[in-house]
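Each chain, letter by letter, is given below.
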Amino acid sequence: MRAAGSQDVSNDHSGYCVSHSSSENVMDIIQEFHEPCVQDHIDLLIEKSLTVDKVPDDQREVVQDDSDDTVNDTIDGNYQSEDINLNNIPGSSHSISGLARSKPEYSIEYFINEPESLLHCAGLENYEKFVTVFWSLGPAVHNLKYIRNDTPSVVNQFLMVLWKLRRNESDAPLAMHFDTDRASVGSIFIIWIIHMSQQWSLIDMWPSRELVDLYMPDTFKLNYPKIRGIVDGTEFEIERPTNPRTQQSTFSQYKNRNTMKAGLIMTPGGLISYHAPAYGGSTSDRQLIERCDFLRKCQPGDVIMADKGFNVQDLFAPYSLAKHRIHIEREIGLVKTFRILKSQLNHNYVSFASEIIGVCVMLANFKENIMAPKQK
């Protein structure tokens, strides 16, 4: 094990830990995950993704979607969610397929030299970052199956999903922007969210002790040198369920509305290294943390800190984090720049709450780091 502050990290951790200094370092772990043909995958994905012309309808493979059967339900056991039918997604009962088709209003080509527009619509700073995130999902994105055959190109599907996450756009405008129908927008969104969540969940984002020390800001080194992470929770509102028991299990006394709740852990360097599944808003802070498994990842002597506002002080180090709490709040704010988490989550998407927040957390990790650069 190398000493804290060393500029070289053992290769034993290169495939499982992420440097915190910039979002580009997230790719260190993803490159290991996609061995042995990293460059071949990059070339293939970029070649395919930059082709915005649609595949002719007579060449598309149409199969019955079975994504609902593969979703791992991580919602609170007391939350009895309703069955999801892709045909019942908002807007799916209406279609603009009868209208004359025209060229899509937007495609990824439009944003290649428009970084500000891409940040506004998709939440990523530039086109290069967009390609990097797209590549991290692997070649399987070209083999996703849908119940409809009128879908945009693969790269524009990804753009559409990011657009919906970032702007919380309804299906009708997205259908017009990407020259498809509202039902296709809903099914594409759910299928991509499931795939993105499952793909990224295979990557262990928990950094090694050496990397935590290496990218730890000086203020933490002086005051809390053994800190491994800061834990906090966040809630996001959902539409009021119709089932009385579901209403009860999701009602938050703190927010005085129906919500879902998730726990996050941020390293001192600004990486969200762990996120808990989403639970009903009635779940207490202590229950939320006790159901997590991150404590098994810690090593003897590690310190997990929680602010007084997060009621788990008896489980973790009882330190006052008044001047450091702002960092994790800013990180949570970065996650919530994807506005789907700042508006009422549609009841048809509640069963995918864990997947949605997991995707938003990973996208936030790809964004520029909120922490100030480490002083040399």
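Details of the structure are given in the entry above.
The following refers to the structure shown. (Residues numbered from 1 in each chain as written. Predicted model: local features only at pLDDT ≥ 70, side-chain atom pairs only at ≥ 80, totals over all residues. Heavy atoms only, no water.)

## Thoughts on unusual backbone geometry
Moving on, step 1. Of note in the backbone geometry, Asn-168 takes a positive phi value of approximately 50 degrees without being a glycine.
Moving on, step 2. Along the polypeptide, Asn-168 turns up in the loop between helix 5 (154-167) and helix 6 (171-177).
Moving on, step 3. The exposure class assigned to Asn-168 is partly exposed, which follows from its relative accessible area of 29%. (Helix = DSSP H or I, 4+ residues; strand = E, 2+ residues; numbered from the N terminus. Buried < 20%, exposed > 50% of the residue type's maximum accessible area, 1.4 Å probe, protein only.)

## Describing the packing of aromatic side chains
Moving on, step 1. Taken as a whole, this structure holds 12 aromatic pairs when the rule is applied.
Moving on, step 2. Between Phe-189 and Tyr-349 the ring centres are 5.2 Å apart and the planes differ by 55 degrees, which places this aromatic pair in the tilted class. Of this pair, Phe-189 sits in helix 7 (residues 182-201) while Tyr-349 sits in the loop between helix 12 (325-335) and helix 13 (353-366), and the two are 160 residues apart along the sequence.
Moving on, step 3. Here the aromatic cluster, defined as three or more aromatic residues joined through ring pairs, consists of Tyr-106, Tyr-110, Phe-111, Trp-163 and Phe-178.
Moving on, step 4. A cation over a ring is seen here: Lys-164 above Phe-189, with NZ or CZ 5.6 Å from the ring centre. (Phe/Tyr/Trp six-rings, centres within 6.5 Å; stacked < 30°, edge-to-face > 60°. Lys NZ or Arg CZ within 6 Å of the ring centre and 35° of its normal.)

## Concerning the nonpolar core
Moving on, step 1. Leu-165, Trp-192, Trp-200 and Ile-356 are the most contacted members of the largest nonpolar core, which totals 78 residues.
Moving on, step 2. Excluding residues that lie within four positions of it along the chain, Leu-165 makes contacts with Phe-189, Ile-193, Phe-338, Arg-339, Ile-340, Ile-356, Val-359, Cys-360 and Leu-363.
Moving on, step 3. Judged by nonpolar contacts, the second largest core, of 14 residues, contains Tyr-279, Phe-294, Ala-306 and Phe-310. (Core = buried A, V, L, I, M, F, W, Y, C linked by side-chain atoms within 4.5 Å. Contact = heavy atoms within 4.5 Å.)

## Points about the environment of Leu-144
Moving on, step 1. Note that Leu-144 resides in the loop between helix 4 (127-136) and helix 5.
Moving on, step 2. In sequence terms Leu-144 and Val-154 are 10 residues apart; their C-alpha atoms lie 9.1 Å from each other.

## Description of the packing of helix 3 (residues 115-122) against helix 5
Moving on, step 1. Running from N to C, helix 3 and helix 5 point in directions that differ by 70 degrees, and their axes come no closer than 6 Å. Of the possible angle classes, the one that applies to helix 3 and helix 5 is roughly perpendicular. Here helix 3 contributes Leu-118, Leu-119, His-120, Cys-121 and Ala-122 to the contact with helix 5, which in turn contributes Leu-159, Leu-162, Trp-163, Arg-166 and Arg-167.
Moving on, step 2. Per-class residue counts for the contact of helix 3 with helix 5 are seven nonpolar, one polar and two charged. (Axes fitted to C-alpha atoms, helices over the stretch in contact; angles between N-to-C directions. Parallel < 35°, antiparallel > 145°, perpendicular 65-115°, else oblique. Nonpolar A, V, L, I, M, F, W, Y, C, P; charged D, E, K, R; others polar.)

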